[in-house]
Amino acid sequence: MRVYFSDIFDVDPALIEQYGAFNISLINDLPLFIDPFLLFNSKDEVYQTLHDEILRYLSFLREMSLKGPINRGLLKAWFIFPEVKQNWLGYSLIGNSGSGLGIDFARALHSNLSDIFSNFGNETITASSHLEKLCLIKENVGRDNISDFTTNLIKHFLLDYTQKFAKQHIDKSQREIFAIPKVAFNYNSHSWMSEKYDLPCYNSDFVLLTPKDILTKDDTWINKSDIVGKFSDIVISIPNSQLRAQLNYYFVSNLPKPQKKKRGRGDKQPSKRDIAIAVGKVINEYPELIDYYIRYKEDAGDEAKSVSEQKVRATEALFIETLSSFITKVFKTSDFYSVGYDTLEESYKRVIFLKNVIENKDGYRIFYIKGEPIRREKDLQIMFRLTWFASPSDVTREANEGRGPVDYKISKGSKDKTLVEFKLASNTRLVQNLAKQVEIYQRAHDTDKAIKVILFFSAEEEKRVNSILKELHLNNEKYVILIDARRDNKPSASVA
């Protein structure tokens, strides 16, 4: 089995664990990323220094921005960075290649440095400046942008960290000397410098290891949706009683007026969207709320560490420990990975394998945080992708040949193609998706082979999807596969 860093470079996973690094997959990105708050909040002086370096570079960019317009050449030199795909982390659509930080991010950061970070370095409410502040205000700037920016600015640390491990534990035949661009910034010449490193080599590219204690999943500790969900707690934490009253009054005044429900069932409550819009208007009117929110998150910094550790551990447990152990077992005891199947049967066997992991091997746990289902199609897709390490077939994720992207296209040449679509039972357009979507993709990809996979989290969802399948005459269709991700019907072995 050659799926993970430890497999490919013949390293004992225990050594990677002892070193504190995450044992990445070199088949597909795993859904983790670096959270700059974990650098800021760490007691490790090395991490604190890295956060200070990020702020120093931001300070430089702000200084340049305040001087006036910056031409496109300097925007590209100072603000634009490629994704550091060699760490094999993130939410890339195919393999480990993401979009990186392009011109839109550069312009957003440049235009907002003068107002969002107007008190940069002189904060009176928060303990420090935070890059994540940008994503709280600017649309289309999210966790991927923040993580990519952070990763680029601490790349020198990741390179040193990986080089040290590689020289100690990886054979020289599996390493190469790479000249890496944009490693260190020269504040005298205002230019990025390159350096050479002795690194693990895979498919003619270098590979980076990342410490687990700076990784998280789902979102950065400081994030936009959190402001909406914790609005009341944030306001309560503000010491200024007058400001608290103003914030609450303005928030309530921007909620839609209660509407009477039919048949005397009481007033209709504001929706989540109504609340989010109202909070957005409060932020526009009282931008200091952002700083109070950040201070609120700083005060709860210890929780950030424990929450991230739990998320990383859950990812590790499913995508490495559980999945790899079953891949190994199946590889040794069955013909699961034998060559000879057409793409339809090959794809079908892997979906059934995935169904077994989720339903019978505690794989369903990855879809829950604090008892609530996350309902992520992408986690299911990643698990599916990692089972394809030993196949002669070409596996293309988000393939698009004219009518929109399909989750996976499995192909052997131009005449043998199978499409695999993953759906959630909660999808409000499930009927339309099942009835039309895959058939449209089939025509676009010139194939009549398709598998539809549906994940459900409750008895109600199971009942709904079975009703839909019956309505569409798909209830006895072999290649429409339901996966049970319920947690209320899976007792432990001792209880069972």
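Because the structure is predicted, anything quoted here is derived from the model rather than measured. (Residues numbered from 1 in each chain as written. Predicted model: local features only at pLDDT ≥ 70, side-chain atom pairs only at ≥ 80, totals over all residues. Heavy atoms only, no water.)

**Student:** A description of the pattern of salt bridges should follow, citing residues and the corresponding values.
**Tutor:** What the rule picks out here adds up to 19 salt bridges. Among the salt bridges present, the one from Glu-345 reaches Lys-478, with a minimum N-O distance of 3.7 Å. A residue pair is termed long-range when its members are at least 10 positions apart, and Glu-345 in helix H16 (residues 343-360) and Lys-478 in the loop between helix H19 (459-471) and strand S14 (480-484) qualify at 133 residues. The class for Glu-345 is partly exposed, based on a relative accessible area of 25%. Salt bridges sharing common partners tie together Glu-17, Lys-212, Arg-313, Glu-316 and Glu-321. (Salt bridge = Lys/Arg side-chain N within 4 Å of Asp/Glu carboxyl O. Helix = DSSP H or I, 4+ residues; strand = E, 2+ residues; numbered from the N terminus. Buried < 20%, exposed > 50% of the residue type's maximum accessible area, 1.4 Å probe, protein only.)

**Student:** Which residues make up the side chain of Lys-182, and what values do they have?
**Tutor:** With respect to the helices, strands and loops of the structure, Lys-182 is situated in strand S2 (residues 175-186). In this structure, Lys-182 is buried with no salt-bridge partner, the nearest side chain bearing the opposite charge being Asp-148 at 13 Å. When residues no more than four places from it in sequence are discounted, the contact partners of Lys-182 are Lys-76, Ala-77, Ile-80, Phe-81, Lys-155, Trp-192, Met-193 and Ser-194. (Lys, Arg positive; Asp, Glu negative; His and termini not counted. Contact = heavy atoms within 4.5 Å.)

**Student:** Give me the lowdown on a negative patch on the surface, citing residues and values where you can.
**Tutor:** A cluster of acidic residues, Asp-44, Glu-45, Asp-213 and Glu-309, forms a negative patch on the protein surface. As for its placement among the helices and strands, Glu-45 is situated in helix H4 (residues 45-66). Residue classification places Glu-45 among the exposed residues on the basis of a relative accessible area of 62%. (Patch = residues over 30% accessible without salt bridge, like charges linked within 9 Å, V, L, I, M, F, W, Y side chains within 5 Å. Areas by Shrake-Rupley, 256 points an atom, 1.4 Å probe, with all protein chains shown as cover. Charge placed at Lys NZ, Arg CZ, Asp CG, Glu CD.)

**Student:** Which residues make up the packing of aromatic side chains, and what are the values?
**Tutor:** Under the defined criterion, the tally for this structure stands at 23 aromatic pairs. Taking the centre distance of 5.2 Å and the plane angle of 80 degrees together, the rings of Phe-60 and Trp-78 count as edge-to-face. Of the two residues, Phe-60 sits in helix H4 while Trp-78 sits in helix H5 (residues 72-78), which places them 18 residues apart along the sequence. Residue Phe-60 shares its accessibility class with Trp-78, and that shared class is buried. Positioned over the ring face of Phe-81 is Lys-182, at 4.4 Å from the centre of the ring. Here the guanidinium or amino end of Lys-297 rests over the ring plane of Trp-221, the centre of that ring lying 3.5 Å away. (Phe/Tyr/Trp six-rings, centres within 6.5 Å; stacked < 30°, edge-to-face > 60°. Lys NZ or Arg CZ within 6 Å of the ring centre and 35° of its normal.)

**Student:** I'd love a proper account of the nonpolar core, names of residues and values included.
**Tutor:** Counting 131 residues, the largest nonpolar core has Tyr-57, Phe-149, Ile-358 and Met-383 as the members making the most contacts within it. With residues near it in sequence (within four places) discarded, Ile-358 still touches Gly-363, Tyr-364, Phe-367, Leu-380, Met-383, Leu-455, Ile-483, Asp-484, Ala-485 and Lys-490. (Core = buried A, V, L, I, M, F, W, Y, C linked by side-chain atoms within 4.5 Å.)

**Student:** Account for the environment of Arg-244, naming residues and giving values.
**Tutor:** If you trace the backbone, Arg-244 turns up in helix H12 (residues 241-253). For Arg-244, a relative accessible area of 25% translates into the label partly exposed. Separated by 12 residues in sequence, Arg-244 and Ser-232 have C-alpha atoms that sit 9.8 Å apart. Apart from the residues within four sequence positions on either side, Arg-244 is in contact with Val-235, Ile-236, Ile-238 and Pro-239.

**Student:** Which residues make up H19, and what are the values?
**Tutor:** The terminal C-alpha atoms of H19 lie 18 Å apart, and with 13 residues this matches the ideal 18 Å at 1.5 Å per residue to within 8%. Of all the positions in H19, only Glu-461, Val-465, Ile-468 and Leu-469 are classed as buried. Looking straight down H19, one finds that the buried residues subtend no more than 100 degrees of arc, so they occupy a single side. For H19, the exposed residues set more than 90 degrees away from the buried face come down to Glu-460, Lys-463, Lys-470 and Glu-471. Two residues or fewer after H19 comes His-473, characterised by a positive phi angle close to 60 degrees. (Expected span 1.5 Å × (residues − 1). Arc of directions from axis to C-beta.)

**Student:** I'd like a description of the side chain of Thr-220, backed by residues and values.
**Tutor:** Considering the arrangement of structural elements, one finds Thr-220 in the loop between strand S5 (215-216) and helix H10 (224-229). Only 2.7 Å separates the side chain of Thr-220 from the backbone oxygen of Ile-222, close enough to count as a polar contact. With near-sequence residues (within four places) excluded, Thr-220 lies in contact with Phe-33, Asp-35, Pro-36 and Ile-146. (Polar contact = N/O pair within 3.5 Å; in protein donor to acceptor, adjacent residues only side chain to side chain.)

**Student:** Quick rundown of the confidence of the model for the protein? Include the residues and the values.
**Tutor:** Across the protein, the average pLDDT comes to 83, with 85% of residues at 70 or higher. This model gives residues 93-99 a pLDDT under 50, and the stretch forms 19 contacts once residues within four places in sequence are excluded. (pLDDT = per-residue confidence, 0-100.)

**Student:** Outline the sheet that holds S2, supporting the account with residue identities and numerical values.
**Tutor:** Reading across from one edge, S2-S3-S4 is the order of the three strands in this open sheet, with antiparallel pairing throughout. At either margin of the open sheet sits one strand with a lone partner, and together these are S2 and strand S4 (205-206). Examined bridge by bridge, strand S3 (residues 191-202) and S4 share two bridges and lie antiparallel to one another. Of the residues in S4, the one forming a bridge with Tyr-202 is Asp-205. (Pairing = 2+ DSSP bridges.)

**Student:** Tell me about the pairing of S2, residues and numbers included.
**Tutor:** Strand residues, when the strand is regular, have side chains that alternate between the two faces of the sheet. Pairing geometry for S2 and S3, over nine bridges, is antiparallel. Looking at S3, one finds that Ile-180 is bridged to Glu-195. Between S2 and S3, which pair antiparallel in sequence order, lie four residues; one of them, His-190, sits at a positive phi of approximately 55 degrees.

**Student:** Explain unusual backbone geometry to me, using residue names and the numbers behind them.
**Tutor:** Among all residues save glycine, negative phi is the norm, and among peptide bonds the norm is trans. Of note, Asp-10 is a non-glycine position whose phi angle comes to about 50 degrees, a positive value. Asp-10 gets classed as exposed once you look at its relative accessible area, which sits at 60%.

**Student:** I'd love a proper account of the pairing of S14, names of residues and values included.
**Tutor:** Taking burial as the measure, the five residues of S14 include five buried ones, the bulk of the element. Residues of S14 alternate between two faces, with Val-480, Leu-482 and Asp-484 on one and Ile-481 and Ile-483 on the opposite face, all of them buried. Where strand S13 (residues 450-456) and S14 come together, five bridges link them in parallel fashion. Bridge assignment links Leu-455 to a residue of S14, and that residue is Ile-483. Following the chain from S13 across H19 to the adjacent parallel S14, one finds a crossover that is right-handed. (Right-handed = clockwise from strand over helix to strand, strands pointing away.)

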